[in-house]
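Each chain, letter by letter, is given below.
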Amino acid sequence: QVQLVESGGGLVQPGGSLILSCAASLYMFSYYDMGWYRQAPGKQRELVAQTTRVGSTHYADSVKGRFTISRDNAKNTVYLQMNILKPEETAVYYCNADGSTYGWKDAWGQGTQVTVSS
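In what follows, the accompanying structure is described.

What counts as what
- Residues numbered from 1 in each chain as written.
- Predicted model: local features only at pLDDT ≥ 70, side-chain atom pairs only at ≥ 80, totals over all residues.
- Heavy atoms only, no water.
- Helix = DSSP H or I, 4+ residues; strand = E, 2+ residues; numbered from the N terminus.
- Rg over C-alpha atoms; globule rule 2.2 N^0.38 Å.
- Contact = heavy atoms within 4.5 Å.
- Areas by Shrake-Rupley, 256 points an atom, 1.4 Å probe, with all protein chains shown as cover.
- Lys, Arg positive; Asp, Glu negative; His and termini not counted.
- Charge placed at Lys NZ, Arg CZ, Asp CG, Glu CD.
- Phe/Tyr/Trp six-rings, centres within 6.5 Å; stacked < 30°, edge-to-face > 60°.
- Buried < 20%, exposed > 50% of the residue type's maximum accessible area, 1.4 Å probe, protein only.
- Lys NZ or Arg CZ within 6 Å of the ring centre and 35° of its normal.
- Pairing = 2+ DSSP bridges.

The next subject is the overall build of the protein. Looking only at helices and strands, the protein features 0 helices and 11 strands. Going residue by residue from the N terminus, the α and β elements of the protein occur as β-β-β-β-β-β-β-β-β-β-β. Relative to the compact-globule value of 13 Å for 118 residues, the protein shows a C-alpha radius of gyration of 14 Å, a close match. When its C-alpha atoms are laid out on the principal axes, the protein stretches across 45 × 25 × 25 Å. Long-range contacts, defined here as pairs at least 24 residues apart, represent 54% of the contacts in the protein between residues at least 6 apart. Counting only carbon and sulfur atoms, one obtains 49% of the accessible surface of the protein, whose full area is about 6,300 Å². The protein carries 10 positive and 9 negative side-chain charges, and their two centres are separated by 1 Å.

This brings us to the packing of aromatic side chains. Per the counting criterion, the structure on display carries 5 aromatic pairs. Centre to centre, the rings of tyrosine 31 and tryptophan 104 are 6.4 Å apart; their planes meet at 45°, and the pair counts as tilted. Linking tyrosine 31 in the loop between β3 (18–25) and β4 (33–39) with tryptophan 104 in the loop between β9 (91–98) and β10 (107–108), this pair joins segments that are 73 residues apart in sequence. Ring geometry for tyrosine 37 against tryptophan 108: centres 4.9 Å apart, planes inclined by 65°, an arrangement best described as edge-to-face. Taken together, the residues span a long stretch of sequence, with tyrosine 37 in strand β4 and tryptophan 108 in strand β10 at a distance of 71 residues. Classification of tryptophan 108 as partly exposed rests on a relative accessible area of 36%. These aromatic residues form a ring-pair network of at least three members: Tyr31, Tyr32, Tyr102 and Trp104. One cation-aromatic arrangement involves arginine 45 over tyrosine 94; the distance from NZ or CZ to the ring centre is 3.7 Å.

Here we come to the pairing of strand β5 (residues 46–51). Two strands pair when backbone bridges link them, and β4 and β5 are joined in this way by 5 bridges, in the antiparallel orientation. Following the sheet pairing, tyrosine 37 is matched in β5 by leucine 47. Hairpin connection between β4 and β5: a loop of 6 residues separates the two successive antiparallel strands, and glycine 42 in this loop has a positive phi of roughly 80°. As paired elements, β5 and strand β6 (residues 57–59) share 3 bridges and run antiparallel to each other. Bridging across to β6, threonine 51 finds its partner in threonine 57. The turn joining β5 and β6, which pair antiparallel and follow one another in sequence, is formed by 5 residues; a positive phi near 95° is taken by glycine 55.

This is the structure in structure tokens:
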């Protein structure tokens, strides 16, 4: 059974940093494109960052220069380093595994709450 488990969320002051982790029980993890999404109350879920199976990365314009996504294929884990956090980035952050290139089903984690507030 595919399982993604996020951790690292919490309360942080504006301007602070957090590191999110997503541990994946995925066969052939390195073949998946892995992404972080977020969903704020009353808003649609949006892509924050993605790291592909070939090693490229993509970021939402709003987080470029502040967030860094990385993966450790040996540990089946993807990370999101978030710096200079803003109150409007308060949301539930979700990990996603996209195997559509190979016809595999998407997988989602349960989400981790990030609250940016003083």
